Amino acid sequence: LLDIKISNKENADYIFDVLNRLGKQMTEEGIFEGSFLKPITARGIEELNGEGFTVRAAGETSLQNQDEILRAYRRLIKKEFDKLGVEIKLVLEIH
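Here is what the cut-offs are and how they apply
Residues numbered from 1 in each chain as written. Predicted model: local features only at pLDDT ≥ 70, side-chain atom pairs only at ≥ 80, totals over all residues. Heavy atoms only, no water. Pairing = 2+ DSSP bridges. Helix = DSSP H or I, 4+ residues; strand = E, 2+ residues; numbered from the N terminus. pLDDT = per-residue confidence, 0-100. Salt bridge = Lys/Arg side-chain N within 4 Å of Asp/Glu carboxyl O. Buried < 20%, exposed > 50% of the residue type's maximum accessible area, 1.4 Å probe, protein only.

Some remarks on the pairing of strand 2 (residues 36–48)
Next, step 1: Sheet analysis places strand 2 next to strand 3 (residues 52–61), joined by eight bridges and oriented antiparallel. Note that in strand 3 the partner of Lys38 across the bridge is Glu60.
Next, step 2: Between strand 2 and the antiparallel strand that follows it, strand 3, lie three residues.

Focus: the confidence of the model for the chain
Detailed reading of the predicted coordinates is not advisable wherever pLDDT falls low.
Next, step 1: Of all residues in the chain, 94% have pLDDT values of 70 or greater, and the mean over the chain is 88.
Next, step 2: Of all the helices and strands in the chain, helix 2 (residues 66–84) carries the lowest mean pLDDT, 92, while helix 1 (residues 12–28) carries the highest, 94.

Overview of the pattern of salt bridges
Next, step 1: In the structure shown here, the tally under the stated rule is ten salt bridges.
Next, step 2: For Lys83, the salt bridge identified is with Glu80, shortest N-O distance 3.5 Å. Here Lys83 pairs with Glu80, and both are found in helix 2, just three residues apart, close to one helical turn.
Next, step 3: The class for Lys83 is exposed, based on a relative accessible area of 63%.
Next, step 4: Two residues, Lys89 and Glu87, come together in a salt bridge whose shortest N-O distance is 3.6 Å.

Okay, structure coming up:
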């Protein structure tokens, strides 16, 4: 499960397409091929506000490599969004 905060200037349908393409790519290529029970897909918009919107992506994997897959998916998203000029909103969290 991954929530990604996106700038309001971005098109939600386009973001969904990118996330779904990257999720499919992970299931078909590289070291994670065969590790998925269900591919990672964009599930919907979880939150809307003046700053942007939050998209939830999720899939099903075997438990032993779940964290590694999530890290790799985040890395793919970052690289692709940088290439496409998609703005991810930063959230300040104080603990």
